[in-house]
Amino acid sequence: MNTAIASNIENQSPIILVERVTKSYTRGGERILVLDELSIEIKGGSFIALMGPSGSGKTTLLNLIAGIDRPDSGRILVGDSNISALSESQLTSWRARSVGFIFQFYNLFPVLTALENVALPLSLLPMKSSERKERAAFALEVVGLGDRVDHYPRQLSGGQEQRVAIARAIVTDPAMIVADEPTGDLDRTSATEVLSLLQRLNKEYGKTIIMVTHDLVAAEFAGHIVQLDKGKLITK
Amino acid sequence: MALELQYNFRYLSVRKTSSLMTILGIALVVMVFVATLMLSNGIRETLRGTGSPKNVIVIRNGAQNEIQSGLKRDDSNALLADEAIVRQTDGSPDVTTDSVIVASMRKRSDGSPSNVTVRGVSKEAYSLREGISVQNGRLPTFGTREVMVGTAIHAKFAGTDIGQSLRIGGIDWNVVGIFSAGNSGFSSEVWGDSEILMPVFRREQFSSLTFRLTSPQEFDAFKNRIENNPRMSVTVRRENEFYESQSKMLATFIAAIGITISIFFSIGAILGAIITMHSAVASRKHEIGVLRALGFRPIHIFRAFAAESLMISLIGGILGTILASLTSFASISTTNFDTFSDVRFGFTLTPAVLAYGVLFALIMGLIGSFFPALSAARMRVVEALRS
Amino acid sequence: MLDLFRLIYRNALRHPVRSALTTIGVTVALLAFCFIHTVIGAWMSGVERSAKNRMVVRNAVSLIFYLPLSYYDAVLSTPGVEKAGYGNWFGGLFRNERVRFQQFAVNDAYLDVYPELAISPEMREKFRNNRQAALVGREVADKYNIKLGERIQIQGTIFPGLWEFDVVGIFPGRDQQTDTRTMFFRWDYLNERNRIEIQRQPDHIGFFAVQIAAGAEPAVISKAIDDKFANSPFETLTETETAFVQGFISMSSTIITVLVFVSYVVIAIMLLVLTNTMLMSSQERLREYAVLKSLGFSSSRIWALLCGEALVISVSGFFMLCLILAVVFSLPPRTVFGSLVDFFPVFAVKPWTVVASAFASLVVGAAAGGIPAFRIARLKVTEVLRRVE
């Protein structure tokens, strides 16, 4: 199983190209422009922190790159895929293979054990049940929770839950991991655990990580900080 | 109280789809319940409405219906000599000597056969049976092979338009009129001249005699006199009671099925209410806690949830009753087990039925919400706030 | 696949009270459905019991008119006719009750046309030797506690007067489906008294029952017989027993149609209740479905999950139905259905009804997942995930 993840180091993590992307929402009848012709290039293997005041569009940009939303105009290229041109079902399959998600609120399924939660994305890929279990167990080892495989989310602390979510995010061996305020709900110690783990994944396994945060301390763990304000980039 | 209602209404509109489904479910249940009530009413009307308490009918003893009955002419004449019977100006008894058979006719819908009562009457029948009115055409002329058909027969069976002829017993009978007898069973019959019908069907005996007594109080004495007469073996009944007993089997059968189905549906309605209210309580635990912390007492919580359930049930009940009331334009025409011929029942809508329908819905809603509302009221404040 | 099933199964149990109540709802609905179709089936059972090689000859004008006895020879000699008998429907009162078993006055040959009655040769012998003999069906004997050798009295209605019979045999019928709610006595006994006392068309019979030869064409035989008596004062109508019984059924076709309609309403209500529960469950877990979508679960996969959950409930409801039916089967029909049993000669829950219920629970389960799945498919993942903050 080591080889499955290790082999990725040999592959180049793809470059993410966002070209002149615009996105707006309608709220209560009013049209609000969230991203305004934004362009950004993210090199493979980087750990980026997206920061900015509330309403700056950082979460929106994250969602667009992760393929769970579509831009109104512009292009987004992840590696060779123009994900802004894919159909809904193609996008769904692409996500299954290429993206790992970590949300602020852990979003684990309370009725499944840690192992089952981590194995869930693997149900979308053809493989034997035993292989799924092995890969899930390995992912949990990587995040340091190998001894908690049979625990239910209610039996885990906040930080542990988030680490299970990270294990789930990496189990399909995606090229890119996106995290939306992953430490927003954690105490300082747990937050550090989680962020160190992300750092390790980036440095040791070469995963591209894009993290949205408003916490400057969390942002320090990243390689680069990108600032947004009112839908436009401020720094790079 | 107003706050509670506001609170309830807001929640109903927030969970639109779910509320709609519950309302629809209750509406369907109420619809079937009310339609069953309406049919019962309709059957009762037909049963009671056929024949009049003023008229007396005589059939042969032991016969269960007019078809099985046979009265010889001499015996009939002897009976009709009784003084208690109303006479016409010329001294002859005011009586209709009916001859009733059952004939096979083909339905308009699919041509399949069904049995229809064909009744030969005397001219006195039209004055004795007051509810008869000609809707189209005219009365058949006595002494001819003309007939008129009841509205229910005209609607269901082929060959019954005015100008057409019905082939019964190898003879063509000309349809000259369509008559209505209201909701009574006579609307499901074909009427012609008794004296013409009898020889064609090789009958020498009347099926029944229908007449009036000079005074209604005479009935019991008259009945005694005639039934105990050793020379003839007959049964004397009031006309309306007689026809009412004719449909007992069918009415009982429909009632048995109707009640069973209603019981199932009631259970279903209550279950639906319980499920909805239970989920409502479960999803609003926190708010219940807040309300209690603010000072609302358990009884307020109970009333709020009961009221919400009642609101849903009321809307569903009204909707279901409206849907059911549409059946009043319909009728069921089927074979009466007793007389072996077709009879039509309508669905009768009365204010009482409307009230029952809505009441039924409200009761279901109340019963269904009882335990969930109770559990909501008995919630410990601290636990509720924790969710 | 099994992993997903685990998710489905545990989700269904998350709200045990609600799931249990919904399951009971499904069971109640299926019970109502089975009840209605059992009633309909009882009505139609006559068709199933009718034999393909039997035909009925009766007066073409009306069921209540008779045919002359003299027609018998002509009927017997018709090519293709193997056996024939005749009879009259008696319709009397037993123990002063509006009785619900049929009484027929028949000739000896009639009993040959109905072998499924399982009338033994001994019974036939006794029937032939006693003019007042009566053969009573097993169900009649059981219901009214009639013993072999008993003398019973029947009050005539069409043929008025008190009639006495000696019960010389109680016939069991070949199987459950055979109608043993009948009684047969001798036609010559009826006719003689009719001729002397009652004078209601003596020497006339109500119908002929005919067994046709194997391979004979019913249409040919009916034409042959009816042609013989066409334009006579007593025209005949000859039809297969199946057509004859169906004629009776079609007389009540309206009620059957209404019952079928109500059974569909029952299924519709079941669908509503199950869909409502699924809507509520999925609403509570909206975030989880958003996560599944973000993980790459397609709409059809999520639909499958929801259907799976709905099916867990509906199939459980079906199993509960089977349990209840097992209990029902072990009880006598009268205990369960009460007086309704009297209206039909055969009243039992058929296997087909159970199969139809299984099918209904599968279809409703699959459909109930539909609306919630549709809602979730239209949901924007980003909207849902944003909401909590």
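Note that the structure is a prediction, hence the values are computed from the model and not measured.

**Comments concerning the overall build of chain C**
Step number 1: Scanning chain C for helices and strands turns up 16 helices and 12 strands.
Step number 2: For chain C, the spread of C-alpha atoms along the principal axes amounts to about 100 × 45 × 30 Å.
Step number 3: Here chain C holds 389 residues, and the buried ones make up 45% of them.
Step number 4: Contacts in chain C between residues at least 24 apart in sequence constitute 80% of all its contacts with a sequence separation of at least 6.

**A closer look at the overall build of chain A**
Step number 1: Counting its regular elements, chain A contains 8 helices and 10 strands.
Step number 2: In terms of C-alpha radius of gyration, chain A reaches 17 Å, essentially the compact-globule figure of 18 Å for 236 residues.
Step number 3: With the C-alpha coordinates aligned to their principal axes, the bounding extent of chain A is approximately 50 × 35 × 35 Å.
Step number 4: Scored against the burial criterion, the 236 residues of chain A give a buried share of 48%.

**Let's talk about the sheet that holds strand S2 (residues 30-42) of chain A**
All names here are of chain A.
Step number 1: As summarised here, the arrangement of the 4 strands in space is S2-S1-S4-S5, forming an open sheet in which the pairing is antiparallel. Looking at strand neighbours, the two that pair on one side only are S2 and strand S5 (81-82), the edges of this open sheet.
Step number 2: Judged from the 5 bridges that link them, strand S1 (residues 16-27) and strand S4 (residues 73-78) form a sheet pairing that is antiparallel. Bridged to Thr22 within S4 is Ser73.
Step number 3: Across the sheet, helix H2 (residues 58-66) touches S1, S2 and S4, and the angle it forms with S1 is around 120°.

**Observations concerning the environment of Val312 of chain C**
Residues and elements named next belong to chain C.
Step number 1: Looking at the element boundaries, Val312 is found in helix H12 (residues 299-330).
Step number 2: Along the primary structure Val312 and Thr23 are separated by 289 residues, whereas in three dimensions their C-alpha atoms are 9.0 Å apart.
Step number 3: If sequence neighbours within four positions are ignored, Val312 has contacts with Ile8, Tyr9 and Ala12.

**Re helix H12 (residues 351-377) of chain B**
Residues and elements named next belong to chain B.
Step number 1: For H12, which comprises 27 residues, the first-to-last C-alpha distance of 37 Å matches the rise-based estimate of 39 Å (1.5 Å per residue) to within 8%.
Step number 2: Within the sequence span of H12, burial applies to Val353, Gly357, Phe360, Ala361, Met364, Gly365, Gly368, Ser369, Pro372, Ala373, Ala376 and Ala377.
Step number 3: The elements touched by buried residues of H12 are helix H2 (16-49), helix H9 (248-283), helix H10 (285-294) and helix H11 (298-325).

**Quick word on the interface of chain B and chain C**
Step number 1: With 48 residues of chain B in contact, the opposing surface of chain C contributes 45 residues.
Step number 2: Sort the elements by how many residues they give to the side of chain B that touches chain C and H9 of chain B lands first, with 15 residues.
Step number 3: For the side of chain B that touches chain C, the per-class residue count stands at 22 nonpolar, 25 polar and 1 charged.

**Observations regarding the interface of chain A and chain C**
Many authors give the size of an interface as the accessible area that is lost as the parts come together.
Step number 1: In this assembly, 22 residues from chain A lie in contact with 20 residues from chain C.
Step number 2: At the level of elements, helix H3 (88-98) and helix H4 (114-119) of chain A are the ones that each hand at least two residues to the side of chain A that touches chain C.
Step number 3: It is H3 of chain A that provides the largest number of residues to the side of chain A that touches chain C, a total of 5 residues.
Step number 4: Its residues placed into classes, the side of chain A that touches chain C shows 12 nonpolar, 7 polar and 3 charged.

**What about the domain arrangement of chain C?**
Step number 1: Split into domains, chain C comes out as domain 1 (2-47 + 252-387) and domain 2 (61-234).
Step number 2: Once you take the C-alpha centre of each, domain 1 of chain C and domain 2 of chain C turn out to be 48 Å apart.

**Some details on the arrangement of the chains**
Step number 1: Considering every one of the 2 pairs of chains in contact, the largest contact total is recorded for chains B and C.
Step number 2: Left apart from each other, chain A and chain B have a closest C-alpha approach of 14 Å.

**Here's the deal with the confidence of the model for chain C**
Step number 1: Residues at a pLDDT of 70 or more form 94% of chain C, whose mean pLDDT is 86.
Step number 2: The ipTM assigned to the predicted complex is 0.79, against a pTM of 0.78.

**Quick look at the packing of H2 of chain B against H12 of chain B**
For any two helices packed against each other, the geometry comes down to the angle between their axes and how far apart the axes lie.
All names here are of chain B.
Step number 1: Relative to each other, H2 and H12 sit at 145°, their axes nearing to 10 Å. Judged by the sense of rotation from one axis to the other, the crossing of H2 with H12 is right-handed. Between H2, through Ile26, Val30, Phe33, Val34, Leu37, Met38 and Asn41, and H12, the contact on the second element is made entirely by Val353, Tyr356, Gly357, Phe360 and Ala361.
Step number 2: Considered class by class, the residues forming the contact of H2 with H12 number 10 nonpolar, 2 polar and no charged.

**Structural notes on unusual backbone geometry**
Residues and elements named next belong to chain A.
Step number 1: Look at Glu37: it is not a glycine, yet its phi comes out positive at around 50°.
Step number 2: Inspection of the secondary structure puts Glu37 in strand S2.
Step number 3: A positive phi angle is found at Asp173, which is not glycine, with a value near 55°.
Step number 4: Positionally, Asp173 belongs in the loop between helix H6 (158-170) and strand S7 (176-180).
Step number 5: With 17 C-beta atoms counted inside 10 Å, the residue Asp173 sits in the partly exposed group.

**Points about H2 of chain A**
Step number 1: Here H2 of chain A lies mainly inside the structure; 9 of its 9 residues are buried.
Step number 2: Those residues of H2 of chain A that sit buried are Lys58, Thr59, Thr60, Leu61, Leu62, Asn63, Leu64, Ile65 and Ala66 of chain A.

**Thoughts on the nonpolar core**
Step number 1: Counting 194 residues, the largest nonpolar core has Leu50 and Ala167 of chain A as its most contacted members.
Step number 2: Broken down by element, this core gets its largest block of residues, 18 residues, from H2 of chain B.
Step number 3: Among residues more than four places away in sequence, those in contact with Ala167 of chain A are Val118, Ala139, Leu140, Val142, Val143 and Leu145 of chain A.
Step number 4: By size, the runner-up hydrophobic cluster in this structure holds 50 residues, among which are Val57, Tyr71, Val81 and Ile221 of chain C.

Rules behind the numbers
Residues numbered from 1 in each chain as written. Chains lettered and ligands numbered in written order. Predicted model: local features only at pLDDT ≥ 70, side-chain atom pairs only at ≥ 80, totals over all residues. Helix = DSSP H or I, 4+ residues; strand = E, 2+ residues; numbered from the N terminus. Buried ≥ 20, exposed ≤ 12 C-beta atoms within 10 Å, placed from the backbone. Contact = placed C-beta atoms within 7 Å. Rg over C-alpha atoms; globule rule 2.2 N^0.38 Å. Pairing = 2+ DSSP bridges. Axes fitted to C-alpha atoms, helices over the stretch in contact; angles between N-to-C directions. Expected span 1.5 Å × (residues − 1). Nonpolar A, V, L, I, M, F, W, Y, C, P; charged D, E, K, R; others polar. Domains from an automatic or database assignment. pLDDT = per-residue confidence, 0-100. Left-handed = near helix turned anticlockwise from the far one by under 90°. Core = buried A, V, L, I, M, F, W, Y, C linked by C-beta atoms within 7 Å.

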